[in-house]
Amino acid sequence: MLNKVLVVGAGTMGQGIAQWMAQQGIEVELADIRLEAISKGVESINKSWKRLVEKGKFTADEVLSWSANLKGVDLETFSPNPDLFIEAIAEDLDIKKGMFKDADQMMNEKTIFASNTSSLSINKLCEDLSTARKRRFVGLHFFNPVPIMKLVEIIQGNNTDQEIIDNLKSWFEERGKVPALCQDSPGFIVNRMARNFYGEPLRIVQDFNRKKITSTDTILREVGGFKMGPFELLDLIGIDVNLSVTRSVWEAFKKAPRFAPHKLQEGMVNLGLLGKKTGEGYYNYEK
Ligand code: NAD
């Protein structure tokens, strides 16, 4: 079903999606608007494979063949007509819509279009596209880190062909992912429920207090049984990315107080403290 995939957005998620896709034996092109992000993205995937070989998780031959499947390209030079075009760019409705509109004119109507959006409406994202494309437009919401996390939410829009949904579901299942079929609703399943996992701890901690942050994480991880505490997870996701998702779910629910963004999170974003990717967030990652 999928032999050639174009991933646009070489940040946290685009890298993870490209890595996992290449590991499935698919030809993957990874693109970004920033040229340095393309080379950095490919380099970081190759580094991660190298580490996995050193740990004995994969063989050098496996990694060599995956690496040959992966190519960094810019937005002018990607191969036309991939089987799947998946975007993992900024969580901004207008930016994503603009990208899909341009791509709709450039690619033949067989290409499936997918958004890795965490919270934006699939119906809105494809509203400017041709009727034929709307039938091949889906949400594919992967989780971070993509090569490890099995869940992928598959979101069906009002016009998405049932056949596309069924085929993608089987395709992911055959490759060890656990697809969850979702309706197009704010935050889908996980990000709607997860608002409370971040929102309540932020309201408990209130302001930047490392001791309270650490103990909240410790309680939820060690007693609550979660793999990561909320602040650890916020740092992994990216505090800016998480704030955009919070805002979009809050707005979609007509600014219901239970989904309101927290001033601590807004303050962190204003200061550029975005988590692991900037070296500092609720915790410090600088070596
Ligand atoms: P990121 O900030 O790490 O990366 C985004 C990348 O997109 C950047 O490299 C940026 O240069 C590029 N970009 C921005 N505008 C572009 C454009 N117009 N054309 C091409 N490239 C462009 O963000 P991320 O965390 O990878 O998130 C990407 C998407 O995935 C968002 O929609 C987010 O909601 C979603 N998502 C994120 C997570 C997570 O844990 N971070 C999980 C699931 C889904």
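Not measured: the values here are computed from a predicted model. (Residues numbered from 1 in each chain as written. Predicted model: local features only at pLDDT ≥ 70, side-chain atom pairs only at ≥ 80, totals over all residues. Heavy atoms only, no water.)

(A) Expanded view of the side chain of Asp-104. Looking at the secondary structure, you find Asp-104 in helix α4 (residues 93-106). Since its relative accessible area comes to 14%, Asp-104 is described here as buried. Contacts of Asp-104, omitting those with residues within four sequence positions, involve Phe-113, Leu-129, Ser-130 and Arg-133. (Helix = DSSP H or I, 4+ residues; strand = E, 2+ residues; numbered from the N terminus. Buried < 20%, exposed > 50% of the residue type's maximum accessible area, 1.4 Å probe, protein only. Contact = heavy atoms within 4.5 Å.)

(B) Molecular detail of the packing of helix α1 (residues 12-23) against helix α2 (residues 35-54). It is the contact of α1 with α2, at a shortest axis distance of 10 Å, that shows an interaxial angle of 55 degrees. Taken as axis vectors, α1 and α2 run oblique relative to one another. In this structure, the crossing between α1 and α2 has a hand that is right-handed. The residues of α2 that touch α1, namely those facing Gln-15, Ala-18, Gln-19, Ala-22 and Gln-23, are Gly-41, Ser-44, Ile-45, Ser-48, Trp-49 and Leu-52. Looking at side-chain class alone, the contact of α1 with α2 contains 5 nonpolar, 6 polar and no charged residues. (Axes fitted to C-alpha atoms, helices over the stretch in contact; angles between N-to-C directions. Parallel < 35°, antiparallel > 145°, perpendicular 65-115°, else oblique. Left-handed = near helix turned anticlockwise from the far one by under 90°. Nonpolar A, V, L, I, M, F, W, Y, C, P; charged D, E, K, R; others polar.)

(C) Highlighting the site of the ligand. Surveying the vicinity of the ligand reveals 25 residues, the closest of which are Met-13, Asp-32, Glu-91, Lys-96 and Ser-118. Between the ligand and the protein, one listed contact pairs an oxygen atom with a side-chain N or O atom of Lys-96 at 2.7 Å. For the shell around the ligand, the secondary structure elements donating two or more residues are α1, α4 and β6 (137-142). In terms of residue class, the shell around the ligand is built from 12 nonpolar, 8 polar and 5 charged. (Near = heavy atom within 4 Å. Polar contact = N/O pair within 3.5 Å; in protein donor to acceptor, adjacent residues only side chain to side chain.)

(D) Quick look at the packing of aromatic side chains. This structure, assessed with the given rule, holds 16 aromatic pairs. Ring centres 4.9 Å apart and planes at 75 degrees place the aromatic pair Phe-100 and Phe-137 in the edge-to-face group. Placement of Phe-100 in helix α4 and of Phe-137 in strand β6 is noted, with a sequence separation of 37 residues between them. The exposure classification of Phe-100 matches that of Phe-137, with both residues buried. Through pairs of rings, three or more aromatic residues link up here, namely Trp-20, Phe-142, Trp-171 and Phe-172. One cation-aromatic arrangement involves Arg-133 over Phe-113; the distance from NZ or CZ to the ring centre is 4.1 Å. (Phe/Tyr/Trp six-rings, centres within 6.5 Å; stacked < 30°, edge-to-face > 60°. Lys NZ or Arg CZ within 6 Å of the ring centre and 35° of its normal.)

(E) Spatial organisation of the packing of helix α8 (residues 190-205) against helix α11 (residues 239-252). Orientation of α8 relative to α11, taken along the N-to-C sense of each, is 115 degrees, at an axis distance of 11 Å. When the interaxial angle is binned, α8 and α11 end up roughly perpendicular. Considering how the two elements wind past one another, α8 and α11 form a crossing that is left-handed. Residues Asn-191, Arg-195 and Tyr-198 of α8 touch α11, and the partners they reach there are Asn-242, Val-245, Thr-246 and Val-249. Among the residues making up the contact of α8 with α11, the classes are represented as 3 nonpolar, 3 polar and 1 charged.

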